[in-house]
Amino acid sequence: SACLVGSEMCIRDRLRDDSYHLVVMDELTYMLSFKYLDEEKVLSAIKNRPKNQSVVVTGRGGGAAIRDLVDTVSEVKDIKHAYHSGVMARKGVDY
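Predicted, not measured: the structure shown is a model, and the values here were computed from it.

Asks: Quick question: what am I supposed to make of helix α1 (residues 8-16) here?
Replies: Residue pairs spaced three or four apart in an α-helix point in one direction, given the helix's 3.6 residues per turn. Buried within α1 we find Cys10, Ile11, Arg14 and Leu15. The buried residues of α1 occupy an angular sector of 125 degrees when projected down its axis, which confines them to one face. Turned more than 90 degrees away from the buried face of α1 sit Met9 and Arg16, all of them exposed. Looking at the buried side of α1, the elements it contacts are β1 (22-25), α2 (28-33), α3 (39-47) and β2 (54-57).

Below is the structure:
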């Protein structure tokens, strides 16, 4: 089930619930960098999640604290993008 963006309580509740095997926090790094969410609370929730739960965090940057806490950090490289061929952002695809 989806959380409203910026809801620390919702994030905390999902990360406490061991019935969720995968929690995806899309663009979370932006919410942290713009101080929309309390970074310490979010990091604590990630650190204390159930052992059977995987967490995916997306977004640029994120800072050293989140990188130090997580198991894997990946960088997506733009090889080819439709925008460079004149295709504008499309509802349901890009936003």
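Don't stop here, the text continues.
Asks: How do you make sense of the pairing of β1 when you look at a structure like this?
Replies: Strand residues, when the strand is regular, have side chains that alternate between the two faces of the sheet. Along β1, the buried face is formed by Val23 and Met25; none of Leu22 and Val24, which line the opposite face, is buried. Taken together, the four bridges between β1 and β2 define a ladder with parallel strand orientation. For Val23, the partnering residue across the bridge sits in β2 and is Val55.

Asks: Help me understand α3 in this model?
Replies: Within α3, the full set of buried residues consists of Val42, Leu43, Ala45 and Ile46. Down the axis of α3, the smallest arc covering the buried residues is 160 degrees, so these residues share one side. Pointing more than 90 degrees away from the buried face of α3 are the exposed residues Glu40, Lys41 and Lys47. In this structure, the buried residues of α3 make contact with α1, β1, α2, β2 and α4 (63-69).

Asks: Looking at this structure, how should I read a nonpolar patch on the surface?
Replies: On the surface, Leu22, Val24 and Val56 cluster together to form a nonpolar patch covering roughly 250 Å² of accessible area. By secondary structure assignment, the location of Val24 is in strand β1.

Asks: How should the environment of Leu37 be read in this particular structure?
Replies: Here Leu37 is to be found in the loop between α2 and α3. Expressed as a C-alpha distance, the spacing of Leu37 and Ser7, which sit 30 residues apart in the sequence, is 7.6 Å.

Asks: Hey, could you run me through the nonpolar core in this one?
Replies: Soluble globular proteins tend to pack their nonpolar side chains together in the buried interior. Within the largest apolar cluster, 13 residues are counted, with the highest numbers of intra-cluster contacts made by Leu15, Met25, Leu28 and Leu37. Every element with two or more residues in this core is listed here: α1, β1, α2 and α3. Here the element with the most residues in this core is α3; it accounts for four residues. Each residue touching Leu28, except ones within four places of it in the same chain, is listed here: Ile11, Leu37, Val42, Val57, Thr58 and Ile66.

Asks: What is the right way to read the pattern of salt bridges from this model?
Replies: Close approach of charged atoms allows side chains with opposite charge to pair. Within this structure, the stated rule accounts for one salt bridge. For Arg12, the salt bridge identified is with Asp13, shortest N-O distance 3.0 Å. When its relative accessible area of 35% is taken as the criterion, Asp13 is described as partly exposed.

What counts, and at which threshold
- Residues numbered from 1 in each chain as written.
- Predicted model: local features only at pLDDT ≥ 70, side-chain atom pairs only at ≥ 80, totals over all residues.
- Heavy atoms only, no water.
- Buried < 20%, exposed > 50% of the residue type's maximum accessible area, 1.4 Å probe, protein only.
- Helix = DSSP H or I, 4+ residues; strand = E, 2+ residues; numbered from the N terminus.
- Arc of directions from axis to C-beta.
- Contact = heavy atoms within 4.5 Å.
- Pairing = 2+ DSSP bridges.
- Patch = residues over 30% accessible without salt bridge, like charges linked within 9 Å, V, L, I, M, F, W, Y side chains within 5 Å.
- Areas by Shrake-Rupley, 256 points an atom, 1.4 Å probe, with all protein chains shown as cover.
- Salt bridge = Lys/Arg side-chain N within 4 Å of Asp/Glu carboxyl O.
- Core = buried A, V, L, I, M, F, W, Y, C linked by side-chain atoms within 4.5 Å.

Just geometry here; none of it tells us what the structure is for.
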